[in-house]
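Structure at a glance
Chain residues, written in single-letter form:
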Amino acid sequence: MEINPDTFCAATWFQVRNRQDMTKTVCCQLDWTTKDLGTEKLTPMEYMNSPKIINMRKQLSQGKKIKECSVCWRNESNGVLSLRQAVNEQLLRGGWSELYFNKKDNYETDMILIADVKIGNTCNFACIMCNAQDSSKIYADWMANKDSEFVEDYLKEDSMYLEKSKSTGYKTNLYRKHINDLIANNKHILSIKMLGGEPLMDKNLLQILSDMPSSRKKKIHLQFVTNGSHNLKQTTELLGNFKKIEYHVSLEGVGTMQEYARYGANWSQIESHILEQEEYMNGSIQVQHVMQASTVCKLHELINWVGENNIEFSVDNLFSPSYLSLQVVPNKLKPVIIKHLQNVKPFAIVQSTEYTPYSINAIIDTIEKIVFNKTNFDRYKKYINFYERDKVLPAFVDVCPEWKEYFDEV
Ligand code: SF4
Ligand code: SF4
């Protein structure tokens, strides 16, 4: 079979990802445009060989730039490494693919090599920027506060939003079957990325991984996107001798800032989990951060902390909900934030196609350029009240006194 290297995508052949509701897709960048409703009950292999995915694979293999993959085409035309190129580089190295595709005479796939596994919304945190679909703690809170305008926003988009959020979680039969098909009984798997909720809460999944024979473990790269609340060194010891184990720990700040923005977090515990694991297995930790209004005043403290501890750092920018984004940072506050950021220690930037590699100058540039939005600013202040109610938390303006004058305004 001839394949066109300019459009061929190994993800459509060998990679599967499930969403919280157990619908499936082949990569995270299709998530925004394609909902594969009705795929909940398909096994990973049935999904990969469903007519829609076969057709996508065929078109890409034959040189067609299909519209669903616009993120990759845009990156490639801007000279940025696309997910397609990164997955191809990861999967096709070693020359095996030439033999595989020379023998191939149809567009059905025979194996799944990469899996992104979302465990559902089971989580022990209720972070400021999260929602019921991703956190069971927030689900419980929102069920008791359906009349809030912030919950109503989600219900206006989808009246079944809370109902659907309820039925996810790592204890569901659909999820457990998916794990067995994809990991326990799939001898081809080479890379597994676990996401949540909080994936380290799924003890059953950890046990399945731990019980794998060494001969399989040695070929598999594991990644966990975690909130850092579980002991990472103990988890690593339980898992055993995998080819590589990485933890991508999501942090919104250090100390009180982290505990405020990630409700449920205990900073000293998280810090010791990270440092202990990094000492035990050098290079196994990355810190991921999402730039947003409620934490940006203390971003310099987090950057100094990762710099001091020599931990790789990646930054994303929150766009939704817009009332939590950088759009609500008052113009007069920006120079204060920027001054702090101009004096941070050097830090290592994660190099990955999943994240824009933000240098300190790029972070400052983003803050400078964002246009203030008064409507969202007013909603932000209301949301802070909504977030803080019924929680044992200091007031936002005590954690970030720089904001006080803006909250005192009538
Ligand atoms: S969006 Fe990119 S990585 Fe995803 S299937 Fe399309 S080409 Fe492949
Ligand atoms: S830890 Fe992750 S899933 Fe849990 S509430 Fe925070 S952002 Fe949401």
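These numbers were taken from a predicted model, which means no experiment stands behind them. (Residues numbered from 1 in each chain as written. Chains lettered and ligands numbered in written order. Predicted model: local features only at pLDDT ≥ 70, side-chain atom pairs only at ≥ 80, totals over all residues. Heavy atoms only, no water.)

Quick word on the packing of aromatic side chains
As a reminder, the rule being used: Aromatic pairs are defined between Phe, Tyr and Trp rings, using the six-membered ring for Trp, whenever the two ring centres lie within 6.5 Å; interplanar angles under 30 degrees are classed as stacked, those over 60 as edge-to-face, and all others as tilted. In this scheme, a residue with accessible area under 20% of its type's maximum is buried, one over 50% is exposed, and one in between is partly exposed, where area comes from a 1.4 Å probe on protein chains only. Helical segments are the DSSP runs of H or I of at least four residues, strand segments are the runs of E of at least two, and each set is numbered from the N terminus. Placement of a positive charge over a ring is assigned whenever Lys NZ or Arg CZ falls within 6 Å of the ring centre and within 35 degrees of the normal to the ring plane.
Under the definition given, this model contains 31 aromatic pairs. For the ring pair Trp13 and Phe14, a centre distance of 6.2 Å and an interplane angle of 35° mean the geometry is tilted. Since its relative accessible area comes to 0%, Trp13 is described here as buried. On the basis of an interplanar angle of 50° and a centroid distance of 5.2 Å, the ring pair of Tyr380 and Trp403 is categorised as tilted. With a gap of 23 residues between them, Tyr380 in helix 19 (residues 374-388) and Trp403 in the loop between helix 20 (396-399) and helix 21 (404-408) connect regions that are remote in the sequence. For the residue pair Tyr380 and Trp403, the accessibility class agrees, reading buried in each case. Following the ring pairs from residue to residue traces out a cluster consisting of Phe150, Tyr260, Tyr323, Tyr380, Tyr383, Phe386, Tyr387, Phe396, Trp403, Tyr406 and Phe407. A cation over a ring is seen here: Arg57 above Trp13, with NZ or CZ 5.3 Å from the ring centre.

Description of the nonpolar core
Our working definition: To form a nonpolar core, buried Ala, Val, Leu, Ile, Met, Phe, Trp, Tyr and Cys residues must be joined to one another through side-chain atoms within 4.5 Å. An automatic or database domain assignment is the source of the domain bounds shown. We call two residues in contact when some of their heavy atoms are within 4.5 Å.
Of all hydrophobic cores here, the largest spans 123 residues; its most connected members are Ile183, Leu209, Leu222, Phe224, Ile363 and Trp403. Counting residues per element, this core draws most heavily on helix 19, at 6 residues. Counting contributing residues per domain, this core is built from domain 1 (11-107) and domain 2 (117-408), each supplying no fewer than three. Not counting residues within four places of it along the chain, the set of residues in contact with Ile363 comprises Met291, Leu299, Ile303, Val315, Leu341, Phe347 and Tyr358.

Examining the site of ligand 2
Let me state the cut-off plainly: Note on definitions. A residue lies near a molecule or strand when any single heavy atom of the residue is within 4 Å of it. Gly counts as polar in this scheme, as do all residues outside two lists: the nonpolar Ala, Val, Leu, Ile, Met, Phe, Trp, Tyr, Cys and Pro, and the charged Asp, Glu, Lys and Arg.
Residues in close proximity to ligand 2 include Cys123, Phe125, Ala126, Cys127, Cys130, Asp134, Ser135, Gly197, Asn227 and Arg262, which together make up its full environment. Classifying every residue of the shell around ligand 2 by side-chain character gives 5 nonpolar, 3 polar and 2 charged.

What to know about the site of ligand 1
Around ligand 1 sit Cys9, Thr12, Val26, Cys27, Leu30, Cys69, Cys72, Leu83 and Arg84, and that is every residue in its neighbourhood. Of the residues contributing to the shell around ligand 1, the split by class is 7 nonpolar, 1 polar and 1 charged.

Considering the domain arrangement of the chain
Stated formally: Buried area is understood as the total, over both parts, of accessible area removed when two parts are fitted together, assessed with a 1.4 Å probe. A pairing counts as a salt bridge when a side-chain nitrogen of Lys or Arg comes within 4 Å of a carboxyl oxygen of Asp or Glu. Any pair of N or O atoms that falls within 3.5 Å is considered a polar contact. Within protein, one atom must be able to donate a hydrogen and the other to accept it, and sequence-neighbouring residues count only if both atoms are side-chain atoms.
Annotation of the chain at the domain level lists domain 1 (11-107) and domain 2 (117-408). Listed per partner, the contact involves 18 residues of domain 1 and 19 residues of domain 2. Between domain 1 and domain 2, roughly 1400 Å² of surface is buried when both sides are summed, and carbon and sulfur atoms account for 64% of that area. Counting the contacts that link domain 1 with domain 2 gives 0 salt bridges. Our enumeration of links across domain 1 and domain 2 arrives at 4 residue pairs in polar contact (both at pLDDT 80 or more). Of all elements in the fold, only strand 1 (15-18) and helix 5 (83-92) reach the threshold of two or more residues within the side of domain 1 that touches domain 2.

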